[in-house]
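Coordinate inspection notes
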Amino acid sequence: MQQLFFESFQKNASRKSYYFTYVLLGLLVHIITFPIYMVNRSKSTYAENAMNVKQQIIDSGKVIQWQQQYEAEERTKAQFFKQSIIEQEIAVKAKQLAQMKLEREAEKTLTTTGILKNSYKNYFSNLLKQPLFLLITIIPGIFMYALLLITSNPFIRFIFERLLQSVFVIIGVATLVFTILYISPFDPARNLLGVEATPAQIENFNKLYGLDQPYLVQLWHSLSGLFTFDLGTSFAGKEDVTQSILNKFPVTLEIAMFSLLMAIAIAIPVGIISAVRPNSFIDYVFMFVALIGLSIPSFWQGLIFILTFSLELKWFPATYNPNNWMSIVLPIIVLGTSITASIARMTRSSMLEVIHEDYIITAKAKGLSERKVITKHAIRNAMIPIITVIGLLFGGMLGGAAVTEKVFNISGIGSYIVDKQFIPDIPAILGGVVYIAITISVVNMLIDILYAFFDPRIRSKMKKS
Amino acid sequence: MKFISDVKLLLKITQEYVNAQFTIAFSAIFSLLFLLYCFNFSEGVWRPIVLVFFAIYAATTIYVWLTSLVIKKDLAKHREVTKRSRLLGIPLILTVFAGNVFAAGYGFMLASKNKTAEYTFAVYAFLTQIFILMISGLNIFKPYVVDTFILAMGTFIILAALYLVTAILIARHVTVDTAPKWMLPLGIVLLIPTLTGNFFSLLLGITLIRKARNTDPSAVEKWQKTWNKILRNTMAVFGLFFIVFMFSLSVVSSWTFDYDFAVENNYAVLLQTPTLEYPLGTDNFGRDLFSRIVFGAQISLIVGFCATIIPALIGGALGAISGYYGKNTDNIIMRALDVLYAIPGILLAIAIIAAFGANTTNLIIALSVGAIPTYARTMRANVMQISNYEFVESARALGANDRSIIFRHIVPNALAPMIVKATLTIGGAVISTSSLSFLGLGIEPHIPEWGNILKVGSTYLESHSYLAIFPGLCIMLLVLSFNFFGDGLRDALDPKSN
């Protein structure tokens, strides 16, 4: 156990931010150990040893040699830049450089002999090795030990860091959106109560929703509201914002999920076929269709689909109805079109890149069938960038859902935000945008973490660091 | 030149043959569309104009197919396209008057053996001008035209003639790396029509001037090589053609189109179906849909370009700084941009517009802010790569300061992926603009913008569907063109494919 703490501390404390956090979290422990270290320091043997080593190097005549070398270098440098040569200056500089080299050399020899520089870092890591010390300090330094435990394993440390990053991004998103809405020149009170509202009414409204408070107080309320899932009531209609978002989010998520599934099911085979037969007729047709899919505005596509499949052919209903699964088909296709096109293009280019790698030639050379080369060696390697792109596109899709929802009259989160923006209804917009951003962040974080487990290259890189 | 014995391979690398295949495909698709549209199924009557178009396109398809057979035979017999077969291209040029730019472009390509980049520029400048002439010409069926109409039309005809003459002269006298000295004034003259938004003319003028002066052959060669690579991609050329055409049309529309038809209500002609006077019909206020779409192109292009250039500059600068300095600077900038990156662009735009109101300036700002992180990431990755090159090190050794190293040595070498990215995202910006307008969050509703037109059209979907179909088609074509051109640019500029 103490070995684990010791290693974790040794490895991570070399990074300033971690060292700082360790000290901060275990402040109660460090308050006591640091003075003890200061007292003990004078007894150190390090300085003595260093003196000895230095003397040895000087005696061997190396320093003078270095000095002459530096002098020659300085002279040629001055000559090259056509500067006047001042002997005295050069001598001083060369001496300085030689001294610096001496320090470095001495330290190098000392570390090879195993005598560590006497720093607080080393002192403390040595303390961590003692079971008694751990037992005494486990209660006051519990946070520090927790962090040491987390950071002892590179995987867990990576997950922890990624999690922390997501939390910061989410707080940043919430602050940004709140600030944008806060500095808005619109006055929700006047927009809601109408032009005839008396100043007293407006003041009352602002007081009711806390709009008269200073910026930081409002920000704090919004942030804590976001994380405790209590955003209060919306300005118009006085409905519970969290509850409405909770009611509307599943529809959007359901459509987005189905769209994503459709996209993956269609796009990846299409991309692979295109890449396996590049510049063939089928490749041209697929990529042309994909480019059209990328260029078509989703709301127009929705209108055209309604026109043909609902009004003319009467296959699907034109508006969404939760009780009729047929009505969800058109929105899924419309929302999924552009992401299908993107994934297909991405798959093609990623596959093409992989197919030209040397290991594919090796696989072919050792006599594997084309099918086996593609399925076993090419696809698996090509999937890595594709999955990242899918994660990023998923975010864009949730954002673009607003337009599709409006076209098909779906009361999802996107159309909720659009409906609320005219007032502007600050808690509703803030909640809607931030919860979508959180969903996206979580999805992307999960993808990143999954990578760390599945991609052997990332895994080995992490172990090395 | 190497002797290529395999006819199949020869066919593959002969541009005329590849072009013919494209032209056959597109002409066939269009003939099919015309065939489907020429019979009105609900009323059971024929549409004679559409039928004529179908006949022209079908005939063109067959003709092009025959020329492709001739090329095949020539290649098998003589290993090159003969002079006699090249003459077959000339009649195809006339198909431009039926709007078949594919066949006309193919005709020009077939007609000349000497295919320099300038020739292509001149040809497409000519085609663009003819298209603008025809589109503007539709205004003569209107009750009245603007005062500058005759003058503008006259200018267009003169310009078209100028481009045609230039194309012929180039085919005769310009080679891959030289141009005769007397072409210099011609090049300068060709810079002037740039004012009509015809970018092909600008490119043509610049290339001719550089070639005729011949002061820096290596730069000329580099320029030529890049353009040849882009122009070899047929779809990229058509993409560029449509972009230039739209841009030029939106520049000259104020001289040939009457803005009143687009915005003034005319209750005598509510919801008319397409006629010659109103080529695409009228909307619920009697406004001419055709004029509205033409003026809508202005807004879409302005917003699209602004919402691309602004974030490219800001994001590019941030990315360059963070990529060059690294460490804490990099960390702070990129973590701040991560926050922006976590919000989907459209949602951020909705939030910004909710806070500051819906108008064109706010729309541009809203779309720009969301796009900054992607540009910053692209630029950062490039700069990080280029900072490690020797020339940066030598610049530093010579005492250049950081600013001049970043902006004079690194950024110019990191621009290519940024240009590609920008071209590919203009299309996205155009779509976002119209989407937001459709939601009532973009351009003010009284301005004829494609999203606004579609919004009106969506309410008449059942009875007057053309109101929703045409503006949507325009958006799609414009975005498609940007994507095609962007793809072509990427293929040409990507060092991997070199």
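Residues numbered from 1 in each chain as written. Chains lettered and ligands numbered in written order. Predicted model: local features only at pLDDT ≥ 70, side-chain atom pairs only at ≥ 80, totals over all residues. Heavy atoms only, no water.

Considerations on the packing of helix α18 (residues 390-397) of chain B against helix α19 (residues 402-410) of chain B
When two helices pack together, their arrangement is given by the angle between their axes and by how far apart the axes lie. All names here are of chain B. Two numbers describe how α18 lies on α19: the axes approach to 11 Å, and their chain directions differ by 145°. Here α18 runs over α19; the crossing is right-handed. Contact residues: α18 offers Phe391, Val392, Ala395 and Arg396, while α19 offers Ile405, His409 and Ile410. Tallied by class, residues from the contact of α18 with α19 come to 5 nonpolar, 1 polar and 1 charged. (Axes fitted to C-alpha atoms, helices over the stretch in contact; angles between N-to-C directions. Helix = DSSP H or I, 4+ residues; strand = E, 2+ residues; numbered from the N terminus. Left-handed = near helix turned anticlockwise from the far one by under 90°. Contact = heavy atoms within 4.5 Å. Nonpolar A, V, L, I, M, F, W, Y, C, P; charged D, E, K, R; others polar.)

Notes on the UniProt feature "transmembrane region" (unreviewed entry) in chain A
Residue and element names in this part refer to chain A. Here, UniProt's "transmembrane region" (unreviewed entry) annotation points to residues 20-39, 132-151, 163-183, 255-276, 288-311, 323-344, 382-403 and 428-454. When the span residues 288-311 is considered, its composition is 92% helix and 0% strand, and the gap between its end C-alpha atoms is 28 Å. Secondary structure within residues 382-403 divides into 100% helix and 0% strand; the distance between the first and last C-alpha atoms comes to 32 Å. (UniProt positions renumbered as here; feature names shortened; annotations may be inferred.)

Some details on the environment of Val411 of chain B
Residues and elements named next belong to chain B. Note that Val411 resides in the loop between α19 and α20 (415-438). Val411 gets classed as buried once you look at its relative accessible area, which sits at 15%. Separated by 145 residues in the primary sequence, Val411 and Asn266 place their C-alpha atoms 54 Å from one another. Ignoring anything within four residues of it in the chain, the contact list for Val411 reads Ala320, Met379 and Ile406. (Buried < 20%, exposed > 50% of the residue type's maximum accessible area, 1.4 Å probe, protein only.)

Thoughts on the environment of Cys38 of chain B
Residues and elements named next belong to chain B. Examined against the element boundaries, Cys38 turns out to sit in the loop between α2 (15-37) and β1 (39-40). Linking Cys38 and Leu51, residues 13 residues apart in sequence, is a C-alpha distance of 5.4 Å. Leaving out residues up to four positions away in the same chain, Cys38 has contacts with Val45, Trp46, Arg47, Val50 and Leu51.

Observations concerning the UniProt feature "domain: ABC transmembrane type-1" (unreviewed entry) in chain B
According to UniProt, the "domain: ABC transmembrane type-1" (unreviewed entry) feature falls on residues 297-486 of chain B. Between the end C-alpha atoms of residues 297-486 of chain B there is a gap of 19 Å, over a span that is 82% helix and 0% strand.

A few points about the nonpolar core
Val173 and Met351 of chain A together with Leu127, Ile350 and Trp450 of chain B are the most contacted members of the largest nonpolar core, which totals 205 residues. Those residues in contact with Trp450 of chain B that lie beyond four places of it in its chain are Met246, Ile293, Gly296, Ala297, Ser300, Pro471, Cys474, Ile475 and Leu478 of chain B. By size, the runner-up hydrophobic cluster in this structure holds 18 residues, among which are Ala13, Val29, Tyr120 and Leu147 of chain A. (Core = buried A, V, L, I, M, F, W, Y, C linked by side-chain atoms within 4.5 Å.)

Points about the UniProt feature "domain: ABC transmembrane type-1" (unreviewed entry) in chain A
UniProt's feature table lists "domain: ABC transmembrane type-1" (unreviewed entry) at residues 249-451 of chain A, given in the numbering used throughout. Between the first and last C-alpha atoms of residues 249-451 of chain A the distance is 28 Å; the span itself is 82% helix and 0% strand.

Description of empty space enclosed by the protein
Empty space left among the atoms is revealed by rolling a probe the size of a water molecule over them. Scanning all chains against the criterion turns up 2 cavities of 30 Å³ or more. Estimated volume of the largest cavity: approximately 40 Å³. In this structure, the largest cavity is lined by Asn139, Lys142, Tyr144, Val145, Val146, Thr256, Phe257, Asp258 and Phe261 of chain B. Its residues assigned to classes, the lining of the largest cavity shows 5 nonpolar, 2 polar and 2 charged. Of the voids in this model, the second largest cavity is the one considered here, and its volume is about 30 Å³. Around the second largest cavity sit Thr252, Ile255, Leu335, Ala401, Thr404, Glu405 and Ile410 of chain A, which together line it. Going through the elements one at a time, α14 (241-276) and α19 (370-408) of chain A are the ones with two or more residues in the lining of the second largest cavity. Here the element with the most residues in the lining of the second largest cavity is α19 of chain A; it accounts for 3 residues. Looking at the lining of the second largest cavity residue by residue, the class counts come to 4 nonpolar, 2 polar and 1 charged. (1 Å grid on protein atoms, 1.4 Å probe; cavity = no way out; pocket = protein on both sides within 12 Å on 5 of 7 lines; lining within 4 Å. Points joined across faces, edges and corners; volume = space filled by probe spheres on them.)

Brief notes about the side chain of Thr120 of chain B
Along the chain, Thr120 of chain B turns up in helix α7 (residues 117-137). For Thr120 of chain B, a relative accessible area of 9% gives the class buried.

Remarks on the side chain of Thr67 of chain B
Residues and elements named next belong to chain B. Residue placement: Thr67 occurs in helix α3 (residues 48-78). With relative accessibility at 2%, the residue Thr67 sits in the buried group. One polar contact links the side chain of Thr67 to the main-chain carbonyl oxygen of Val64, over a distance of 2.5 Å. One polar contact links Thr67 to Tyr106, side chain to side chain, over a distance of 2.9 Å. Beyond its immediate chain neighbours, meaning those up to four positions away, Thr67 contacts Leu88, Tyr106 and Leu110. (Polar contact = N/O pair within 3.5 Å; in protein donor to acceptor, adjacent residues only side chain to side chain.)

Concerning a positive patch on the surface
Residue and element names in this part refer to chain A. On the surface, Lys366, Lys372, Lys376 and Arg380 cluster together to form a positively charged patch. Structurally, the position occupied by Lys376 is in helix α19. Accessibility expressed as a relative area gives 48% for Lys376, which makes it partly exposed. (Patch = residues over 30% accessible without salt bridge, like charges linked within 9 Å, V, L, I, M, F, W, Y side chains within 5 Å. Areas by Shrake-Rupley, 256 points an atom, 1.4 Å probe, with all protein chains shown as cover. Salt bridge = Lys/Arg side-chain N within 4 Å of Asp/Glu carboxyl O. Lys, Arg positive; Asp, Glu negative; His and termini not counted. Charge placed at Lys NZ, Arg CZ, Asp CG, Glu CD.)

What about unusual backbone geometry?
Residue and element names in this part refer to chain A. The backbone of Asn279 shows a phi angle near 60°, a positive value even though the residue is not glycine. Along the polypeptide, Asn279 turns up in the loop between α14 and α15 (281-295). Asn279 sits in the exposed class, given a relative accessible area of 55%.

What to know about the pattern of salt bridges
With the rule as written, the count across this model stands at 19 salt bridges over all chains. In this structure, Glu71 of chain A engages Arg75 of chain A in a salt bridge whose closest nitrogen and oxygen atoms are separated by 3.7 Å. Separated by 4 residues within a single helix, Glu71 of chain A and Arg75 of chain A lie in helix α5 (residues 62-80), roughly one turn from each other. Of the charged contacts, one joins Arg380 of chain B and Asp330 of chain B as a salt bridge, the two residues approaching to 2.7 Å between their closest N and O atoms. One end of the pair, Arg380 of chain B, is in helix α17 (residues 360-386); the other, Asp330 of chain B, is in helix α15 (residues 327-342), with 50 residues separating them in the sequence. A network of salt bridges, in which partner residues are shared, links Arg345 of chain A together with Asp487, Arg490 and Asp491 of chain B.

Quick look at the interface of chain B and chain A
Taken together, the contact between chain B and chain A spans 46 residues of the former and 47 residues of the latter. When the two sides are added together, the surface that chain B and chain A hide from each other amounts to roughly 3900 Å², 82% of it contributed by carbon and sulfur. Linking chain B to chain A there are 1 salt bridge. Ionic pairing is found between Asp487 of chain B and Arg345 of chain A, a salt bridge with its closest N-O pair at 2.9 Å. In this assembly, chain B and chain A are joined by 4 residue pairs in polar contact (both at pLDDT 80 or more). For the side of chain B that touches chain A, the secondary structure elements donating two or more residues are α15, α16 (345-356), α20, α21 (450-459) and α22 (466-493) of chain B. The biggest single contributor to the side of chain B that touches chain A is α22 of chain B, with 12 residues. Grouping the constituent residues of the side of chain B that touches chain A by class yields 32 nonpolar, 8 polar and 6 charged. (Buried area = accessible area lost by both parts, 1.4 Å probe.)

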